[in-house]
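# Chains, contacts and geometry: an overview
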Amino acid sequence: MSAGKSDQVQAMFGRIAGRYDLMNGLMTGGRHHAWRRAAARAAAAALPGAVLDLATGTGDLARAIRAETSDRFVVGADFSEGMLAHARRKIGAAPGIALTVADAATLPFEDGTFACVTSAFLLRNLQDLPRGLEEMRRVTRPGGLVVTLDILRPASPLWARLFGLYFRHVVPAVGAVIAGDRQAYTYLPDSVYAFVSADELARLMEKAGLRDVRHRRLGLGTIALHTGVA
């Protein structure tokens, strides 16, 4: 995806929304919930106040944040109406979570609105990564936290080769059968291999105005959890 990447990604997530949770469970052996809980625990260290969960998808991270810190109000935002429709069904009338349509590149919130901004598996999909990070920092109040979770290429050469075989061959085949969309699950590994490294992402976060940027790897080195202070 090149020109118009944002529109293509939006359409893709709309197509796979109905099987998104099932595919996440199959691809990760259910471990994606543990990774989101780790992000929620990181968000719990933020200043008191509301949390914005970008690319909330079907709402799993928003719910994890509420489970970790039940006194926080969470705004779950996504630019895919299809994903939000599934999030609404999952969340129902649960208190403390509001869902809204929003594009991470042009957030409809005032500067410093949130104590914390989180995202899970968003950054690879941004057409303009620096712009997205700047927006995350902008709507986070001074001293608040930005927390990101994303898939990265493994550092170990042997594991990287095994991961590549699984991600480039098995995942698209499963996506074709389960989600009926080989293209979407071919895009997924392609986006990972085109993405920056954990260290490069940390530098981009610092360039966007975040400080004390730290990261750690989860999922045998395939998942990076970054935090930065606004």
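What comes next concerns the included structure. These numbers were taken from a predicted model, which means no experiment stands behind them.

Analysis parameters
Residues numbered from 1 in each chain as written. Predicted model: local features only at pLDDT ≥ 70, side-chain atom pairs only at ≥ 80, totals over all residues. Heavy atoms only, no water. Buried < 20%, exposed > 50% of the residue type's maximum accessible area, 1.4 Å probe, protein only. Helix = DSSP H or I, 4+ residues; strand = E, 2+ residues; numbered from the N terminus. Arc of directions from axis to C-beta. Contact = heavy atoms within 4.5 Å. Pairing = 2+ DSSP bridges. Right-handed = clockwise from strand over helix to strand, strands pointing away. Axes fitted to C-alpha atoms, helices over the stretch in contact; angles between N-to-C directions. Lys, Arg positive; Asp, Glu negative; His and termini not counted. Salt bridge = Lys/Arg side-chain N within 4 Å of Asp/Glu carboxyl O. Polar contact = N/O pair within 3.5 Å; in protein donor to acceptor, adjacent residues only side chain to side chain. 1 Å grid on protein atoms, 1.4 Å probe; cavity = no way out; pocket = protein on both sides within 12 Å on 5 of 7 lines; lining within 4 Å. Points joined across faces, edges and corners; volume = space filled by probe spheres on them. Nonpolar A, V, L, I, M, F, W, Y, C, P; charged D, E, K, R; others polar.

### As for helix α5 (residues 81-91)
By the burial criterion, the buried members of α5 are M83, L84, A87 and I91. Down the axis of α5, the buried side of the element spans an arc of 95°, and every buried residue falls inside it. Residues of α5 that are buried in the fold lie against α1 (5-16), α2 (20-28), α4 (60-68), β2 (74-78) and β3 (97-101). G92 sits one or two positions beyond α5 and adopts a positive phi of about 60°.

### Observations regarding the pairing of strand β1 (residues 51-54)
Here β1 shows two buried faces, one formed by V51 and D53 and the other by L52 and L54. Strand direction decides the pairing type here: β1 and β2, joined by 4 bridges, are parallel. Counted as the bridge partner of L52 is V75 from β2. After leaving β1, the chain enters α4 and then returns to the sheet as β2, a path that is right-handed. Bridge count between β1 and strand β4 (residues 114-120): 4 bridges; the pairing is parallel.

### As for the sheet that holds strand β7 (residues 223-229)
Pairing within the open sheet is mixed, and its 7 strands lie in the order β3-β2-β1-β4-β5-β7-β6. Edge positions in the sheet fall to β3 and β6 (211-218), since each has one partner strand and no second. Strand-to-strand twist in this sheet, taken as the mean axis angle between neighbours without regard to direction, amounts to 15°. Those strands touched by α4 are β1, β2, β3 and β4, and its axis lies near 135° from that of β4.

### A short note on the side chain of D53
As for its position among the elements, D53 is in strand β1. Summary of buried charges: D53 has no salt-bridge partner, and the nearest side chain of opposite charge, R36, is 6.9 Å away. Within the structure, the side chain of D53 is placed 2.7 Å from the side chain of T56, a separation counted as a polar contact.

### Examining the layout of surface pockets
Considering only enclosed or pocket space, the largest pocket measures out at about 840 Å³ in volume. Around the largest pocket, the lining is made up of 47 residues, and of these F121, R124, N125, I151 and L188 lie nearest the centre. Every element with two or more residues in the lining of the largest pocket is listed here: α1, α2, α3 (32-43), β2, α6 (129-138), α7 (157-179) and α8 (182-193). With 5 residues, the top contributor of residues to the lining of the largest pocket is α1. For the lining of the largest pocket, a count of residues per class yields 30 nonpolar, 10 polar and 7 charged. Estimated volume of the second largest pocket: approximately 190 Å³. If you trace the second largest pocket, you find 12 residues lining it, with K5, R124, S191, A194 and F195 closest to the centre. Here the lining of the second largest pocket gets 3 residues from one element, more than from any other, and that element is α8.

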